[in-house]
Amino acid sequence: MLVSSRATVVSAAAPHRFLANFNSISSISSPSSFNSSFINDEKKIKTTVGWSKHSSIRMDKKTNPFVTSATASAAAQPLQNADALIDSVETFIFDCDGVIWKGDKLIEGVPETLELLRSKGKRLVFVTNNSTKSRKQYGKKFETLGLNVNEEEIFASSFAAAAYLQSINFPKDKKIYVIGEEGILIELELAGYSYLGGPEDGGKKIELKPGFLMEHDKDVGAVVVGFDRYFNYYKVQYGTLCVRENPGCLFLATNRDAVTHLTDAQEWAGGGSMVGALVGSTQREPLVVGKPSTFMMDYLANKFGITKSQICMVGDRLDTDILFGQNGGCKTLLVLSGVTSLSMLQNPNNSIQPDFYTNKISDFLSLKAATV
């Protein structure tokens, strides 16, 4: 029997009412599948969650339905019997950066590991907080690295942003200002939304003169912020004006990752640095649609008909990947091939403890102990 040391995770708010009708979702391309009673739920949120003078959600730790915290728990156990873990679940959800690859370099043993799991009849899903690519573009990256992964098995935070907007019936006559890259734009377009911003605004500058007032589009109903290598002051000011001055304008973040792997040589400032700039200027907390938000987990469970207790979340980050799995009621496995080191995991100040940890996912190929 596989013994688990799962951390207890408690929600900081009442169940998220945006997802009250989420069980009816079948596909992002089928907005009609959403229950029309969501409109009533939205009205309840304005009272339950709390709205500002512009009717926008206050996303602090007391009211943010996606904010969770882990209580103190038993220390994570080193993975000693990979077969026992594999046999105990039906689905493996893998983070990508730091687990499957680093930058554009495949981590050793990944192809053989994925082949092993597929041979045992396991469903594989790949979830990444990196919003720079669309699902289709990530499919091409997997192919370039020699991995046979179907587009339907890939879920990026760029897709999650579009899926979330559809889940709340975001009006198609409203526009979305994007601080981010092409992946977000592609997914928004596939979902039928109008957008502005993105890489196109990367070269724009503000020439400050006496009396200068920057104009912005009053029809922007949401600002989506993701990782952006073309980030500049123009985007910060434009996004700030939309969030602060457009009534009801949503502030969404694809993720708040502190660092990311742009190359395999070092860590680079992540999407959280771009989000943080808007948090500072708007004095608002965003609604995060990527990990560790429960949104993508609920979406995946519904799409594939997965029982969450039959999922193992595999990742290299404690505060996103592992918390994502714990929030969803899944088994969790931390790999030390990315952001988190063993000393970070075992630091007394760290309260997020996975069920198990190991060096890299290819350890599945060699760990055959009789007991855990």
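Quick caveat: nothing in here was measured; it's all calculated off a predicted structure.

Asker: What exactly am I supposed to notice about the packing of helix α5 (residues 157–167) against helix α6 (residues 182–190) here?
Answerer: Two numbers describe a pair of packed helices, the interaxial angle and the distance between the axes. Running from amino to carboxyl end, α5 crosses α6 at an angle of 35°, the nearest separation of the two axes being 8 Å. Along this stretch, α5 crosses α6, giving a crossing that reads as right-handed. The residues of α6 that touch α5, namely those facing S158, F159, A162 and L165, are G183, I184, E187 and L188. Here the contact of α5 with α6 is composed, by residue class, of five nonpolar, two polar and one charged.

Asker: What am I meant to see in the pattern of salt bridges here?
Answerer: Here the idea is simple: oppositely charged side chains can pair when their charged atoms come close. Using the criterion set out here, one finds 14 salt bridges in the structure. The shortest N-O distance in the salt bridge between D228 and K235 comes to 2.7 Å. Here D298 ties to K308 by a salt bridge, and the two come within 2.5 Å at their closest N and O atoms. Placement of the pair is D298 in helix α9 (residues 294–304) and K308 in the loop between α9 and β16 (311–315), with a sequence separation of 10 residues. Put simply, D95, K291 and D321 are held in one network by salt bridges that share partners.

Asker: Just checking my understanding: could you explain the pairing of strand β12 (residues 250–253) for this structure?
Answerer: A regular strand places its side chains on the two faces of the sheet in alternate fashion. Neither face of β12 is open: one carries L250 and L252, the other F251 and A253, and all of them are buried. Pairing geometry for strand β11 (residues 220–225) and β12, over four bridges, is parallel. By the bridge assignment for β12, A222 is matched with L250. Once you follow β11 into helix α7 (residues 233–245) and on to β12, the crossover reads as right-handed. With two bridges connecting them, β12 and strand β15 (residues 287–288) associate as parallel partners. Within β15, the residue paired with A253 across the bridge is V288.

Asker: Explanation requested: α7 in the structure shown.
Answerer: An α-helical turn contains 3.6 residues, so any two residues separated by three or four positions project in the same direction. Taking 1.5 Å as the rise per residue, α7 with 13 residues should run 18 Å; its terminal C-alpha atoms sit 18 Å apart, in good agreement. Among the residues of α7, Y234, K235, V236, Y238, G239, T240, L241, C242 and V243 are the ones counted as buried. Turning to α7, the residues buried within the fold contact β9 (175–179), β10 (194–197), β11, β12 and α8 (271–282). Backbone nitrogen of Y234 and a side-chain oxygen of the N-cap are separated by 3.3 Å at the start of α7; the cap is N232.

Asker: What is the right way to read the state of the cysteines from this model?
Answerer: Here a disulfide denotes a covalent bond joining the sulfur atom of one cysteine to the sulfur atom of another. Summed over all chains, the structure comprises zero disulfides. Free of any disulfide, C242 has its nearest neighbouring cysteine sulfur in C249, separated by 5.7 Å.

Asker: It is not clear to me how the nonpolar core should be interpreted in this structure. Could you clarify?
Answerer: Note that soluble globular proteins tend to have their nonpolar side chains buried in a common cluster. Ranked by size, the top nonpolar core spans 36 residues in total, and within it I93, F155, L165, F170, I176 and L188 carry the most contacts. Of all the secondary-structure elements, those providing two or more residues to this core are β7 (123–128), α5, β9, α6, β11, β12, α9 and β16. Looking at this core, the element that brings in the most residues is α5, giving seven residues. Discounting residues that sit within four places of it in the chain, I93 has contacts with V125, V127, M297, L300, I311, C312, M313 and V314. By size, the runner-up hydrophobic cluster in this structure holds 32 residues, among which are L145, L333, F356 and F364.

Asker: Help me understand the confidence of the model for the protein, please; the structure alone is not making it clear to me.
Answerer: Low pLDDT marks stretches whose predicted atomic positions should not be read closely. Residues with a pLDDT of 70 or more make up 79% of the protein, whose mean pLDDT is 83. Counted against residues more than four places away or in other chains, residues 3–71, with its pLDDT under 50, gives 138 contacts.

Asker: Whenever I open this one, the sheet that holds strand β17 (residues 331–335) confuses me. Can you help?
Answerer: Pairing between the strands of a sheet is mediated by backbone hydrogen bonds and can be parallel or antiparallel. The parallel open sheet is built from seven strands, whose spatial order is β3-β18-β17-β16-β4-β7-β8. Unpaired on one side and paired on the other, β3 (77–78) and β8 (154–156) mark the two borders of the sheet. The pairing of β3 with strand β18 (residues 356–358) spans two bridges and is classified as parallel. Across the sheet, residue P78 finds its bridge partner in β18, namely Y357. Each of β4 (91–94) and β7 touches helix α3 (residues 110–119); the most contacted strand, β7, lies at about 135° to it.

Asker: What exactly am I supposed to notice about the packing of aromatic side chains here?
Answerer: By convention here, two paired aromatic rings are described through the distance between centres and the angle between planes. All chains considered together, the criterion is met by 15 aromatic pairs. With a centroid separation of 5.5 Å and 80° between ring planes, the pair formed by Y164 and F295 is classed as edge-to-face. Here F295 lies in helix α9 and Y164 lies in helix α5, a separation of 131 residues in the sequence. Comparing Y164 with F295, the two get one shared label, buried. Centre to centre, the rings of F170 and Y193 are 5.7 Å apart; their planes meet at 65°, and the pair counts as edge-to-face. Here F170 is found in the loop between α5 and β9, whereas its partner Y193 is found in the loop between α6 and β10, with 23 residues between them in sequence. Owing to a relative accessible area of 5%, Y193 belongs among the buried residues under this scheme. A connected cluster of aromatic rings, assembled from ring pairs, spans F92, F94, W101, F126, Y138, F142 and F364. Across the ring face of F155, the terminal group of R135 is positioned such that the distance to the ring centre comes to 5.3 Å.

Asker: Would you mind showing me how to read the environment of F159 here?
Answerer: With respect to the helices, strands and loops of the structure, F159 is situated in helix α5. For F159, a relative accessible area of 3% translates into the label buried. In this structure, the C-alpha to C-alpha distance between F159 and E187, residues 28 residues apart in sequence, is 5.5 Å.

Calculation criteria
- Residues numbered from 1 in each chain as written.
- Predicted model: local features only at pLDDT ≥ 70, side-chain atom pairs only at ≥ 80, totals over all residues.
- Heavy atoms only, no water.
- Axes fitted to C-alpha atoms, helices over the stretch in contact; angles between N-to-C directions.
- Helix = DSSP H or I, 4+ residues; strand = E, 2+ residues; numbered from the N terminus.
- Left-handed = near helix turned anticlockwise from the far one by under 90°.
- Contact = heavy atoms within 4.5 Å.
- Nonpolar A, V, L, I, M, F, W, Y, C, P; charged D, E, K, R; others polar.
- Salt bridge = Lys/Arg side-chain N within 4 Å of Asp/Glu carboxyl O.
- Buried < 20%, exposed > 50% of the residue type's maximum accessible area, 1.4 Å probe, protein only.
- Pairing = 2+ DSSP bridges.
- Right-handed = clockwise from strand over helix to strand, strands pointing away.
- Expected span 1.5 Å × (residues − 1).
- Polar contact = N/O pair within 3.5 Å; in protein donor to acceptor, adjacent residues only side chain to side chain.
- Disulfide = S-S within 2.5 Å.
- Core = buried A, V, L, I, M, F, W, Y, C linked by side-chain atoms within 4.5 Å.
- pLDDT = per-residue confidence, 0-100.
- Phe/Tyr/Trp six-rings, centres within 6.5 Å; stacked < 30°, edge-to-face > 60°.
- Lys NZ or Arg CZ within 6 Å of the ring centre and 35° of its normal.

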